[in-house]
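Coordinate analysis (summary)
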Amino acid sequence: MLDGKKTLYSGMQATGTLTLGNYLGALKNWLTLADEYTTFYGVMDLHSITVRQDPADFRKKARNLLTLYIAAGLDPVKNCIYFQSHVPAHAELSWILNCFTYMGELNRMTQFKDKSAKHADNINAGLFTYPVLMAADILLYQADVVPVGVDQMQHLEITRDIAQRFNGIYGEVFTVPEAYLGKVGAKVMSLQDPTKKMSKSDENPNASILLMDDTDTIIRKFKRAVTDSEAQVRYRDEQPGIKNLIDIYSAVTGKKPEEVEKEFDGKGYGDFKLAVGEVVANMLKPVHEEFDRLTKDKAFIDGIIKENDEKAAYYAMKTLRKVQKKVGFTERIR
Ligand code: TRP
């Protein structure tokens, strides 16, 4: 606990381009958390290399993600935004925690099973120990809370198990983190199959709105969104496509689903889709402009990287030193 505030930790992988789902479901909700918590947000580039990356493209994507965090409104002074690979303590603690994690536990991870099936030609040890690195991320900063989506809940559970196991042997070293239960973001579904989550890896480009899509692309994709033949804008499970569009419209405008139903009562799907496309495009426009401005300001971003790397390393190192001492490594001579 720093400054009497609880600590919150989260991050995103440095790969792929973010979607509207990442934005409405996570990033947008991070913006106000620094008032209540001491916050750390990593660009999780160590995790990214569990899948093969093209170096030049990867370097650009990782820096773009950090820039996008800031462009979306995360204040880099109030929030510690940094690259995981710049803080060596992550890899070091990860090794130690590997020795406190069982093969059987890791074998049960559904993400490992899914990714192994998807990358059958590259089932590397990093993919297997991915959750241990994630545990190291969280435990290094003594995080009290971690906002994660349902797909990462199992990884948070194993983090808690590892922390409790370690504490059971060595005393209270780690804070045992909880899932962040504050306001949860909207769950955005695919525009082409509203029973599936919107995903950046969808093969159908019309299924997802990318955060960097321009206005025309956004409107075109919404126009093509799969709906139904009920011809009424109603918020119900029987109309998953329309329900998803209402959820998106609600998340952007702050209006309740009932208000949206009323607003579009008697209007056709064409009008509604256009309206959703417009509010989304208008929401993203300032983010794009800020992103462009920041991308050109290399010195500013470099400064943020340097400052926040140091800040993150300071907190991480405190925990790492404690852990090293607890497990019995020989003291350093200065
Ligand atoms: N595995 C997370 C994801 O893919 C990213 C991540 C890595 C993370 N380390 C973390 C999220 C620590 C929260 C806390 O979404």
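Presented here is a report on the structure given in the accompanying data block. (Residues numbered from 1 in each chain as written. Predicted model: local features only at pLDDT ≥ 70, side-chain atom pairs only at ≥ 80, totals over all residues. Heavy atoms only, no water.)

1. Considering empty space enclosed by the protein
- The tally for this structure, following the rule as stated, stands at 1 cavity of 30 Å³ or more.
- In this structure, the largest cavity occupies an estimated 40 Å³ of space.
- Forming the walls of the largest cavity are Gln111, Phe112, Lys115, Leu127, Tyr130, Pro131 and His155.
- Within the residue set of the lining of the largest cavity, elements represented by two or more residues are helix H6 (110–118) and helix H7 (125–140).
- Class assignment of the residues belonging to the lining of the largest cavity gives a composition of 4 nonpolar, 2 polar and 1 charged. (1 Å grid on protein atoms, 1.4 Å probe; cavity = no way out; pocket = protein on both sides within 12 Å on 5 of 7 lines; lining within 4 Å. Points joined across faces, edges and corners; volume = space filled by probe spheres on them. Helix = DSSP H or I, 4+ residues; strand = E, 2+ residues; numbered from the N terminus. Nonpolar A, V, L, I, M, F, W, Y, C, P; charged D, E, K, R; others polar.)

2. Overview of the pattern of salt bridges
- As enumerated under the stated definition, the model contains 14 salt bridges in all.
- For Asp151, the salt bridge identified is with Lys197, shortest N-O distance 3.9 Å. Note that Asp151 is positioned in the loop between strand E4 (145–146) and helix H8 (153–170) and Lys197 in the loop between strand E5 (178–179) and helix H9 (215–223), a separation of 46 residues in sequence.
- One salt-bridge network, held together by shared partners, links Arg63, Lys298 and Asp302. (Salt bridge = Lys/Arg side-chain N within 4 Å of Asp/Glu carboxyl O.)

3. Points about the packing of aromatic side chains
- Applying the stated criterion across every chain, the model contains 16 aromatic pairs.
- Judged by centre distance (5.2 Å) and plane angle (20 degrees), the rings of Tyr9 and Tyr141 are stacked. Remark: Tyr141 occurs in the loop between H7 and E4 and Tyr9 occurs in strand E1 (residues 6–13); sequence separation between them is 132 residues. Neither Tyr9 nor Tyr141 differs from the other in exposure class; each is buried.
- Arranged with centres 4.6 Å apart and planes meeting at 40 degrees, the rings of Phe166 and Tyr170 form a pair that is tilted. Placement of both Phe166 and Tyr170 in helix H8 is noted, with a separation of 4 residues, approximately one turn of the helix.
- When its relative accessible area of 0% is taken as the criterion, Phe166 is described as buried.
- Among the aromatic residues, ring-to-ring pairing joins Tyr9, Phe40, Tyr82, Tyr141, Tyr314 and Tyr315 into one connected group. (Phe/Tyr/Trp six-rings, centres within 6.5 Å; stacked < 30°, edge-to-face > 60°. Buried < 20%, exposed > 50% of the residue type's maximum accessible area, 1.4 Å probe, protein only.)

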